[in-house]
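Next come the chains, spelled out residue by residue.
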Amino acid sequence: MIQRATDDRRVKKLKVDVNRRKIRRRKEDRANVKSYYAVLGLSCATLLVIGTISFIWG
């Protein structure tokens, strides 16, 4: 049904609004990737600091 409605719009050459849902999803995906790398970097930095302190005081 959705495909048929899309085809009808294409045939009639109606102006279709910008798909805001797709844009919002893309922004959410970017935010998720940024947060993933932020947490990964923080974890690596924490382990590096702990390792350095252990090496120096070890």
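Shown above is the structure to which this text applies.
This report concerns the structure included in the present document. (Residues numbered from 1 in each chain as written. Predicted model: local features only at pLDDT ≥ 70, side-chain atom pairs only at ≥ 80, totals over all residues. Heavy atoms only, no water.)

1. Description of the overall build of the protein
For clarity, the threshold we go by: Elements are defined by DSSP. Helices are runs of H or I of four residues or more, strands are runs of E of two residues or more, and each kind is numbered from the N terminus. Burial status follows relative accessibility: with a 1.4 Å probe on protein chains alone, a residue under 20% of its type maximum counts as buried, one over 50% as exposed, and anything between as partly exposed. Only the protein chains shown count as cover for residues, and the accessible areas themselves come from Shrake-Rupley with a 1.4 Å probe.
Helix and strand counts for the protein stand at 2 helices and 0 strands. Looking at the protein as a whole, 0% of its 58 residues qualify as buried. Total accessible area computed for the protein in this model is approximately 6,100 Å², and 61% of it derives from carbon and sulfur atoms.

2. A word on the packing of aromatic side chains
Our working definition: In this scheme Phe, Tyr and Trp rings, the latter by its six-membered ring, pair at centre separations within 6.5 Å, and the angle between planes marks the pair as stacked below 30 degrees, edge-to-face above 60, and tilted otherwise.
Counting across every chain of the model gives 1 aromatic pair. With 5.1 Å between their ring centres and 75° between their planes, Tyr36 and Tyr37 make a pair best called edge-to-face. Tyr37 sits in the exposed class, given a relative accessible area of 52%.

3. Considering a nonpolar patch on the surface
To be explicit about the condition: The patches reported here contain residues having more than 30% relative accessible area and no salt bridge. Joining distances are 9 Å for like charges and 5 Å for nonpolar side chains (Val, Leu, Ile, Met, Phe, Trp, Tyr). Salt bridge, as used here: a side-chain nitrogen of Lys or Arg that lies within 4 Å of a carboxyl oxygen of Asp or Glu.
A cluster of nonpolar side chains, Val49, Ile53, Phe55, Ile56 and Trp57, forms an exposed patch at the surface whose accessible area comes to about 660 Å². As for its position among the elements, Phe55 is in helix 2 (residues 20-57). In this structure Phe55 comes out as exposed when scored by relative accessible area, which is 73%.

4. Digging into a positive patch on the surface
For the record, the criterion: When charges are tallied, Lys and Arg are placed among the positive residues and Asp and Glu among the negative ones, while His and the ends of the chain are skipped. Every charge is mapped onto a representative atom, which is NZ of Lys, CZ of Arg, CG of Asp or CD of Glu.
A cluster of basic residues, Arg20, Arg21, Lys22, Arg24, Arg25, Arg26, Lys27, Arg30 and Lys34, forms a positive patch at the surface. What makes Lys34 exposed here is its relative accessible area of 64%.

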